[in-house]
Amino acid sequence: MTDTTTLEGAGQTAAPLSAQMPIPGHIDPVPVPRPTLVDGVTPREDGRIDVLGLPKKRIAELFEAAGLDAKAAKLRGKQVYHWLYHRGVTDFEAMTDIAKTMRPWLAERFVIGRPEIVEAQHSTDGTRKWLLRTADGHDFEMVFIPDADRGTLCVSSQVGCTLNCRFCHTGTMRLVRNLTVGEIVGQVMLARDSLGEWPRTAAEAASKTMAGLDQDEDENGEYQGDYHASGRLLTNIVMMGMGEPLYNFDNVRDALKLVMDGEGLALSRRRITLSTSGVIPQMERCGQEIGVNLAVSLHAVTKEVRDEIVPINKKYGIEDLLAACASYHGASNARRITFEYVMLKDKNDSDEDARELVRLLKHYKLPAKVNLIPFNPWPGAAYECSTPERIRAFSNIVFEAGISAPVRTPRGRDIDAACGQLKTAAEKRSRAEMDRLYAEKDAALAV
Ligand code: SAH
Ligand code: SF4
């Protein structure tokens, strides 16, 4: 149904943004700080505000600040929110329940952005990797891994990482910055764009039916207006791309809220996993405020080895980490915590290590499963991957103790898309530079 209301208050209390912000100089304008209409929201260079990443309430506040009366702003906020996050629309003109005259008013003042795609690569095994760029020119990556029964999007939370796990390529990047809410949720939205997976409207579904095409039906043959996993390519999200998500807690939380909102991207929290290297103080908040599945990068069972390969261990040790896992809100036998364990030759892969792992998990009565990750090599890495026989022996010990311990199949290695290989080309460094960087980061962690 098309709404025929007029521009409620539009333009009556506020002039167009461009008129409010004269840029000095005729030929070579010098950048001036742009006014902030609502706390923390800064217009783009062209004066328009990007609403990607904002919650419904903030969108309504911006509409009000731009001149709509409160009631109209609330209604328009709700409508735009729906088109933006639920339908994936980036053009106000396509928002058919908003009055035709209102759409250009919105487009003049607001924009719905996406991270820029610099490069899209396809692996021979079907894995896809996108090199993305923020509006201020920082590169980061996201990866899509299709499987027979699911499709997982691996989302980045930071450009680079402040931590420096010795086996991780991302850890050799200097952290450039945290990704914003829009840049995080924008990855999921870009993936849906690329895979053509936005829920269709009832009208579109009906026209498809009339054309004799397949419908978006559930097992009872009913139309599914929402985003349901069945028949989809993108079914799961893991916060396992670049960066430590719990060091960018607020933005990750706000982005995942948009992903989980039934009126937003509507993906079930059960299909979302956040992976942390063990930032204990934020783990409890993660359970309380986000409530997604937790994966913990354990990787070693002794202080000596974990200090070396996951240096945050010097700050937050194994015992405290496991105790924090035991009290993680939402963990249960039905929703077990995943412990990631990278298999490094002669470093952490002995039978004794496997037995100690079992002992620790049992001691803390953890509803756990262990994910064994064959080490993915990268140029200059100081480790080698354990042999397949060693990995199998390790897995058997854990499995025989009653804990599931599958070995993760490396995916997308040919396009450097596998775990720990993410690092943008602009950031490739020499071994000497990396050693210097490790020393700097170690020093920073020690304080
Ligand atoms: N920073 C978070 C999430 C991103 S890393 C974390 O550390 O948990 C996602 C997973 O890939 C982590 O378990 C990480 O330890 C693992 N990983 C990093 N480098 C790897 C490599 N070279 N080979 C295999 N796994 C790696
Ligand atoms: Fe950062 Fe995770 Fe890589 Fe460690 S493994 S350096 S925490 S991205």
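Attention here is on the structure that accompanies the text. (Residues numbered from 1 in each chain as written. Chains lettered and ligands numbered in written order. Predicted model: local features only at pLDDT ≥ 70, side-chain atom pairs only at ≥ 80, totals over all residues. Heavy atoms only, no water.)

Concerning the overall build of the protein
Of regular secondary structure, the protein possesses 13 helices and 13 strands. By residue count, 51% of the 447 residues in the protein fall in the buried class. By sequence separation, contacts in the protein at least 24 residues apart represent 67% of the contacts at least 6 residues apart. Of the roughly 20500 Å² that the protein leaves accessible, carbon and sulfur atoms contribute 52%. (Helix = DSSP H or I, 4+ residues; strand = E, 2+ residues; numbered from the N terminus. Buried < 20%, exposed > 50% of the residue type's maximum accessible area, 1.4 Å probe, protein only. Contact = heavy atoms within 4.5 Å. Areas by Shrake-Rupley, 256 points an atom, 1.4 Å probe, with all protein chains shown as cover.)

Quick notes on the site of ligand 2
Lining the immediate environment of ligand 2, one finds Cys-161, Leu-163, Cys-165, Cys-168, Gly-171, Gly-243 and Ser-277. Residue classes in the shell around ligand 2 are distributed as 4 nonpolar, 3 polar and no charged. (Near = heavy atom within 4 Å. Nonpolar A, V, L, I, M, F, W, Y, C, P; charged D, E, K, R; others polar.)

Overview of the site of ligand 1
In the vicinity of ligand 1 lie 21 residues, with Phe-167, Ser-275, Ser-297, His-299 and Asn-376 positioned nearest. Between ligand 1 and His-299, the relevant distance is 2.6 Å, taken from an oxygen atom to a side-chain nitrogen or oxygen of the residue. Contact between ligand 1 and Glu-340: an oxygen atom at 3.1 Å from a side-chain N or O atom of the residue. About the coverage of ligand 1: the protein hides 96% of its 530 Å² of free accessible area. For the shell around ligand 1, the secondary structure elements donating two or more residues are strand S10 (272-276), strand S12 (337-343) and strand S13 (368-374). Tallied by class, residues from the shell around ligand 1 come to 10 nonpolar, 9 polar and 2 charged. (Polar contact = N/O pair within 3.5 Å; in protein donor to acceptor, adjacent residues only side chain to side chain.)

What about the sheet that holds S13?
Taken together, the 9 strands give an open sheet; going across it, the order is S3-S4-S5-S6-S9-S10-S11-S12-S13, and neighbouring strands pair in mixed fashion. Looking at strand neighbours, the two that pair on one side only are strand S3 (116-122) and S13, the edges of this open sheet. Recorded for the sheet is a direction-independent mean angle of 20° between the axes of neighbouring strands. Contacts from helix H5 (residues 181-195) reach S3, strand S4 (128-133), strand S5 (139-146), strand S6 (151-154) and strand S9 (236-239) within the one sheet, and its direction differs from that of S5 by about 45°. (Pairing = 2+ DSSP bridges. Axes fitted to C-alpha atoms, helices over the stretch in contact; angles between N-to-C directions.)

A closer look at the pairing of S10
In terms of burial, S10 is a largely internal element, 5 of the 5 residues being buried. By the alternation rule, side chains of S10 split into Ile-272, Leu-274 and Thr-276 and Thr-273 and Ser-275, which are all buried. Here 3 bridges tie S9 to S10, and the two strands are oriented parallel to one another. Looking at S10, one finds that Met-239 is bridged to Leu-274.

Section: helix H8 (residues 280-290)
Ile-280, Met-283, Cys-286, Gly-287 and Ile-290 are the residues of H8 that are buried. All buried residues of H8 project into a common sector of 115° when viewed along the axis, lining one side. For H8, the elements touching its buried residues are helix H7 (249-260), S10, strand S11 (293-297) and helix H10 (318-326). Two residues or fewer after H8 comes Gly-291, characterised by a positive phi angle close to 75°. (Arc of directions from axis to C-beta.)

A closer look at the environment of Gly-113
Mapped onto the elements of the fold, Gly-113 is located in the loop between strand S2 (110-111) and S3. Gly-113 gets classed as buried once you look at its relative accessible area, which sits at 13%. A sequence separation of 62 residues divides Gly-113 from Val-51, and the C-alpha atoms of the two residues are 7.5 Å apart. Not counting residues up to four positions away in its chain, the partners in contact with Gly-113 are Asp-50 and Leu-52.

Regarding the side chain of Glu-141
In this structure, Glu-141 sits in strand S5. Separated by 3.4 Å, the side chains of Glu-141 and Lys-129 make a polar contact.

Structural notes on the packing of aromatic side chains
The final tally for this structure, using the stated rule, is 3 aromatic pairs. A centroid spacing of 5.0 Å and a plane angle of 35° characterise the contact between Tyr-341 and Phe-394, whose relative ring orientation is tilted. Placement of the pair is Tyr-341 in strand S12 and Phe-394 in helix H12 (residues 388-400), with a sequence separation of 53 residues. Stacked on the ring of Tyr-81, the Lys or Arg Lys-56 has its end atom at 4.9 Å from the ring centre. When the ring centre of Trp-198 is taken as reference, the NZ or CZ atom of Arg-192 above it lies at 5.1 Å. (Phe/Tyr/Trp six-rings, centres within 6.5 Å; stacked < 30°, edge-to-face > 60°. Lys NZ or Arg CZ within 6 Å of the ring centre and 35° of its normal.)

Focus on the pairing of S6
Side chains of S6 alternate between two faces, with Gly-151 and Leu-153 and Thr-152 and Cys-154 buried alike. Where S5 meets S6, 4 bridges bridge the pair, whose relative direction is antiparallel. Considered in S6, the bridge of Val-143 is made with Cys-154. Connecting S5 to the next strand, S6, in antiparallel fashion are 4 residues. When S6 meets S9, the two strands line up parallel, connected through 3 bridges. Opposite Leu-153, over in S9, you have Ile-237 as the bridge partner.

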